[in-house]
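For reference, the chains in residue letters:
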Amino acid sequence: MLIYNPDAKISFQRYGIQIPSLDSRKTNTMKALREDPELGPREGEWLISDFPRILGREDLERAHTSEYTGSLYGEGLEAALLAAYELVDEKGNYNRYEPENAEKLLAGIVEDVMNIVSGSYAVIPEALKSGFAYFLGGGMHHAHPGFGHGFCLVNDICIALLRAREEGLFHKAWIVDIDAHRGDGTAEIMADHDDITALSIHMAKGWPLDSPQYREDGSLNPSWFPGDRDILIESGEEALYTDRLMDALKEMEKEGTPDLVFVVGGVDPYEKDELPSTSVLNMTKEQMLERDQRLYSFLEERSIPSAWVAAGGYGASSWEIHTQFLKWVLKKRLS
Ligand SMILES: [Zn+2]
């Protein structure tokens, strides 16, 4: 099933934040799926258009420090947002942030973000019920336990999984993060949770691994926090990407099969992705489809339920990558 609600998003402009809306990635995908002659007439069989908004502060605290969670609900909110969304430049001036143009109080952003987190949670019980579910949203894998980072205020992946585990929905899970960027926040949060194994396959160089591994005071740069399983792809190694991913999954399988796999399905390794930091990884449209199909099939063959979130994808062409996989998988599951 595909889970999508157009209201579960952050309307940055309404808070005076000039981050361009990337809604077209989702709306173009939905349009293409609805216009498909096979899928269109059967929308009720593959689309869930809303989900309960049930996640709150206590859910945040399973993944984040109580100090950071407290800041999001108190006076520390503005500072946390400025950091997570990179709204201050090197000189300390506002960058892309014009509070005088805001229509809404900043606290509304936390509510918007929690709606997205609720979607990332909803995909889990649905996947466990039907075997596969895909939330067209979410994937904020750069948020660390104590701070937001890289446009990610909170880590929806970890918040959702830790709630589901507490509810007894699974005992053992894998996170398979196929976004172009390293899932650095997820690595740090999940380090304390042996029953959730986090794999990230990402660009060997570039953001967030473009700053030194250790800071001047000798402390570890959190973006380099060791993950359970990291696979580094160098520029030019695109053709090896999916084989490497499959090999890693087969290795992980030797330690036992999980009850659930949570896929952070970023489409930013695509060659037409427009975010400058992803320009070193240039997978073709065909390679992207092969990646998604082989990952899906690996899990389906083993009857492992998979819960997917959309994660990164930037520019005018990202929707093509979501669409080609969703058309394939939704039709396969209908027939
Ligand atoms: Zn990314």
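Let me begin by describing the structure that accompanies this report. Numbers given for residues are sequential positions, taken from 1 along each chain in its written order. Restriction of local features to residues with pLDDT of at least 70 applies here, the model being predicted, together with a cutoff of 80 or more for giving and counting side-chain atom pairs; totals for whole chains, interfaces and linings are based on all residues.

With that out of the way, let us pick up the overall build of the chain. Helix and strand counts for the chain stand at 11 helices and 8 strands. The C-alpha radius of gyration of the chain comes to 19 Å, within 12% of the 20 Å expected for a compact globule of 335 residues. By principal-axis analysis of the C-alpha atoms, the chain measures approximately 55 × 45 × 40 Å. The contact rule is simple: place each C-beta atom from the backbone, and if two of them lie within 7 Å, those residues are in contact. Here the contacts in the chain between residues at least 6 apart in sequence split such that 75% fall between residues at least 24 apart. Only DSSP runs of H or I reaching four residues or more are called helices, and only runs of E reaching two or more are called strands; each is numbered from the N terminus. In this description the radius of gyration comes from C-alpha coordinates, and the expected globular size is given by 2.2 Å times residues to the power 0.38.

All right, on to the packing of helix α6 (residues 107-130) against helix α7 (residues 156-166) then. To obtain an axis, a line is fitted to C-alpha atoms, over the contacting stretch when the element is a helix, and the angle between two such axes runs from 0 to 180 degrees between their N-to-C directions. In contact at an axis separation of 9 Å, α6 and α7 are set at 50° when each is read in the N-to-C sense. In terms of axis orientation, α6 runs oblique to α7. Considering only the axes of α6 and α7, their crossing is right-handed. For the pair α6 and α7, contact is made by Ile116, Val117, Ser120, Tyr121 and Ile124 and by Asp156, Ile157, Ile159, Ala160, Arg163 and Ala164, respectively. Roughly parallel covers angles under 35 degrees, roughly antiparallel covers those over 145, roughly perpendicular covers 65 to 115, and oblique covers all other angles. Helix crossings get a hand from a simple test, with the near helix turned counterclockwise from the far one by less than a right angle marking a left-handed crossing and a clockwise turn marking a right-handed one.

On to the nonpolar core. A set of buried Ala, Val, Leu, Ile, Met, Phe, Trp, Tyr and Cys residues, joined to one another through C-beta atoms within 7 Å, is what we call a nonpolar core. Remark: C-beta atoms are placed from the backbone, and a residue is labelled buried if 20 or more other C-beta atoms sit within 10 Å of its own, exposed if 12 or fewer do, or partly exposed between those counts. Counting residues in hydrophobic clusters, the biggest one holds 92 residues, and the most contacted among them are Ile3, Val123 and Ile175. Setting aside residues no more than four positions away along its own chain, Val123 makes contact with Ile3, Ala133, Tyr134, Phe135, Ala307, Trp308 and Val309.

This next bit is on the sheet that holds strand β3 (residues 132-135). Note on pairing: DSSP must find at least two bridges between two strands before they are called paired. The parallel open sheet is built from 8 strands, whose spatial order is β2-β1-β3-β8-β7-β4-β5-β6. Only two strands of the sheet have a single neighbouring strand rather than two, namely β2 (47-48) and β6 (229-233). Docked against the sheet, α7 engages β4 (173-177), β5 (196-203), β7 (260-264) and β8 (306-309), running at close to 165° with respect to β7.

What a helix should span is 1.5 Å times the count of its residues minus one. Compared with the 24 Å implied by 1.5 Å per residue over 17 residues, the 25 Å span of helix α11 (residues 318-334) between its first and last C-alpha is a close match. Turning to α11, the residues buried within the fold contact β1 (2-3), α1 (23-35), α2 (43-46), β3 and α10 (285-301).

Direction vectors running N to C along α1 and α11 enclose 35°, while the axes themselves pass 8 Å from each other. In the crossing of α1 with α11, the sense of the turn from one axis to the other is right-handed. Residues Ser24, Arg25, Asn28, Thr29, Ala32 and Leu33 of α1 pack against Ser318, Trp319, His322, Thr323, Leu326 and Lys327 of α11. When the residues that make up the contact of α1 with α11 are grouped by side-chain class, the tally is 4 nonpolar, 6 polar and 2 charged. Lys, Arg, Asp and Glu make up the charged group, whereas Ala, Val, Leu, Ile, Met, Phe, Trp, Tyr, Cys and Pro make up the nonpolar group; the residues left over, Gly among them, are polar.

To continue, consider the pairing of β4. For β4, the tally of buried residues reaches 5 of 5 residues, placing the bulk of the element in the interior. Judged from the 5 bridges that link them, β4 and β5 form a sheet pairing that is parallel. Across the sheet, Ala173 pairs through a bridge with Ile196, a residue of β5. Orient the strands so they point away from the viewer, and a crossover whose first-strand-to-second-strand path over the helix runs clockwise is right-handed. Crossover β4 to β5 through helix α8 (residues 184-190) is right-handed. Where β4 meets β7, 5 bridges bridge the pair, whose relative direction is parallel. Paired with Trp174 across the strands is Val261, a residue of β7.

Turning next to the environment of Arg57. Tracing the sequence through the fold places Arg57 in helix α3 (residues 57-63). The exposure class assigned to Arg57 is partly exposed, which follows from the 14 C-beta atoms found within 10 Å. Counting along the chain gives 12 residues from Arg57 to Thr69, while the straight-line C-alpha distance between them is 7.1 Å. When sequence neighbours within four positions are dropped, the list of residues in contact with Arg57 reads Thr69 and Tyr73.

This paragraph deals with α1. Across its 13 residues, α1 extends 18 Å between first and last C-alpha, which sits within 8% of the 18 Å expected from 1.5 Å per residue. Regarding α1, the residues found buried are Arg25, Lys26, Thr29, Met30 and Leu33. Each buried residue of α1 lies within a common arc of 120° when the element is viewed along its axis, so the set occupies one face. Turned more than 90 degrees off the buried face of α1, the exposed positions are Asp23, Arg34 and Glu35. When we speak of the arc, we mean the arc of directions from the helix axis to the C-beta atoms.

Within β7, 5 of the 5 residues are buried, which leaves the element mostly enclosed by the surrounding structure. Burial along β7 is two-sided: the face carrying Leu260, Phe262 and Val264 and the face carrying Val261 and Val263 are both buried. Of the strand pairs in this sheet, β7 and β8 are connected by 4 bridges, and their pairing is parallel. Counterpart to Val264 in the pairing with β8 is Val309.

Here the bond from Trp207 into Pro208 is cis, since omega is 0°, no more than 30 degrees from zero. One can find Pro208 in the loop between β5 and β6. The phi torsion at Phe151 lies on the positive side, around 65°, for a residue other than glycine. Summarising the element assignment, Phe151 is placed in the loop between β3 and α7.

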